[in-house]
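Here are the chains, one letter per residue:
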Amino acid sequence: MAGFFDDPDDYSPEESVDAPPKPLAVRILGLTIKILFWSLILFMNGVILWRLFSSGDPSELKRVNADNTLKGAYADYIAVTHEPGDYFAFNQVENTRMNITDEDPDEETGFPGNYGYFAVSHQVIFPYAGQAQITFRYNLSTLTHLMEDYELPEVPDKSGDYYDVTLRVVMKDGTEKRIKPADVRKDTKSRYCYYGMMFKDLPSVDDVSGMFVDIYYIDDLDYTARPYGELCIYNAEYKKCEYKLGRKDAAALRD
């Protein structure tokens, strides 16, 4: 028997004897854990993708609403040379933080507050045409807050229109001008309700100190009272940022 193993240390029972198979119950449990783990991963990724695609602004509402006034202003603009910074369209990146309502409840006045109720998710101002175009939105859960704030008997149906939305222009001389939307386009996704709005006949931005989107509940409409929601889309103290027209927007303005 001598010499049967070159080195006794090389001998391993695991290598010479097949390991006994794991019990069936253990194998089933392991397979179940793996299935549950990967199912959870797929579910979480699905939720993330669903939230991503269900909360984005509808592309149609972000496109420029090209009426004849805007087309004419665009034609005049491209026909002449303008000074640098003399933009045909602009917005203000700096006031993004002001485009979501953030008022907490006011204990003194009893005003319920509207934290996160409303937002302007897209905006562009056309100074040569005297227009502002925005995408106004609210989460459908806001309708539950509307029921609570106004003690309604039930949550309003998501297909209805419950808010009066106007543009309040504050002039540098302290006067104000309220402008109703000249055109409204609506779309609803799984979580949000969107309105594409066009406001016309704006005064020269050189004379304006600020522009605010005021939101009132339609059954409590009083323009002399504090609005239910207030969103700033223009502040004369902030820098103007040129709004780059997309290919489809430019084509629509040339048609």
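Look up: the structure comes first, before these words.
What counts and what doesn't
Within each chain, residues carry numbers counting from 1 in the order of the written sequence. The predicted nature of this model means local features are confined to residues of pLDDT at least 70 and side-chain atom pairs, given and counted, to a pLDDT of 80 or more, with totals for whole chains, interfaces and linings taken over all residues. Water and hydrogen atoms were dropped before computing side-chain values, which therefore reflect all heavy atoms in the structure. Per the convention used, a helix needs a DSSP run of H or I reaching at least four residues, while a strand needs a run of E reaching at least two, with both numbered from the N terminus. For each residue, the accessible area found with a 1.4 Å probe, counting protein chains only, is set against the maximum for its type, and the residue is called buried under 20%, exposed over 50%, and partly exposed in between. By the convention used here, residues are in contact when the closest approach between their heavy atoms is within 4.5 Å. Here, nonpolar core means buried Ala, Val, Leu, Ile, Met, Phe, Trp, Tyr and Cys residues that are tied together by side-chain atoms lying within 4.5 Å of each other. It is the directions from the helix axis to the C-beta atoms that the arc portrays. Between Lys or Arg on one side and Asp or Glu on the other, a salt bridge is scored when a side-chain nitrogen of the former is within 4 Å of a carboxyl oxygen of the latter. Strand pairing is defined by DSSP finding a minimum of two bridges between the two strands. For helices, the fitted axis covers only the stretch in contact; all axes are lines through C-alpha atoms, and the angles between them, taken along N-to-C directions, range from 0 to 180 degrees.

A. Representation of the overall build of the protein chain. Secondary structure summary: the protein chain contains six helices and 10 strands in total. Within the protein chain, buried positions represent 36% of all 255 residues. Contacts in the protein chain between residues far apart in sequence, at least 24 positions, make up 67% of those at least 6 positions apart.

B. Main features of the nonpolar core. Counting residues in hydrophobic clusters, the biggest one holds 34 residues, and the most contacted among them are Phe118, Phe136, Tyr138, Tyr163, Leu167, Met211 and Val213. The set of elements that each furnish at least two residues to this core consists of strand S2 (118-126), strand S3 (131-139), helix H5 (142-149), strand S4 (163-171), strand S7 (192-199), strand S8 (208-217) and strand S9 (229-235). Apart from residues no more than four positions distant in its own chain, Tyr163 is found in contact with Phe118, Tyr138, Thr142, Leu143, Leu146, Ile215, Tyr216, Tyr217, Ile218 and Tyr228. With 13 residues, the next largest nonpolar core counts Tyr74, Val124, Phe126 and Ala129 among its residues.

C. A look at the environment of Ser204. Along the chain, the position of Ser204 falls in the loop between S7 and S8. Once the C-alpha coordinates of Ser204 and Tyr128 are considered, the two residues, 76 residues apart in sequence, prove to be 8.4 Å apart.

D. Up close: H5. All of the buried residues in H5 are Thr142, Leu143, Leu146 and Met147. The arc that holds every buried residue of H5, seen down its axis, measures 150°, which confines them to one face. Against the buried residues of H5 lie S2, S3, S4 and S8.

E. Representation of the pattern of salt bridges within the structure. According to the stated counting rule, one finds nine salt bridges in the structure shown. Residue Asp67 is joined to Lys200 by a salt bridge in which the shortest nitrogen-to-oxygen separation is 3.0 Å. Taken together, the positions of Asp67 in the loop between helix H3 (59-62) and helix H4 (68-79) and Lys200 in the loop between S7 and S8 put the pair 133 residues apart, joining distant regions of the chain. Assessed through its relative accessible area of 26%, Lys200 is described here as partly exposed. Between Lys244 and Glu242 there is a salt bridge; the shortest N-O distance is 3.5 Å. In this structure Lys244 comes out as exposed when scored by relative accessible area, which is 63%. Assessed through its relative accessible area of 37%, Glu242 is described here as partly exposed. A single salt-bridge network, built from bridges that share partners, covers Arg168, Glu176, Arg178, Asp214 and Glu230.

F. Seen up close, the sheet that holds strand S5 (residues 176-179). What the four strands build is an open sheet, ordered S5-S4-S8-S9; its pairing is antiparallel. Edge strands, defined here as strands with exactly one partner in the open sheet, are S5 and S9. The mean inter-strand angle of the sheet, taken between neighbouring strand axes irrespective of direction, is 25°. Looking at chain direction, S4 and S8 are connected through nine bridges and run antiparallel. Among the inter-strand pairings, Val169 is bridged to a residue of S8, identified as Met211.

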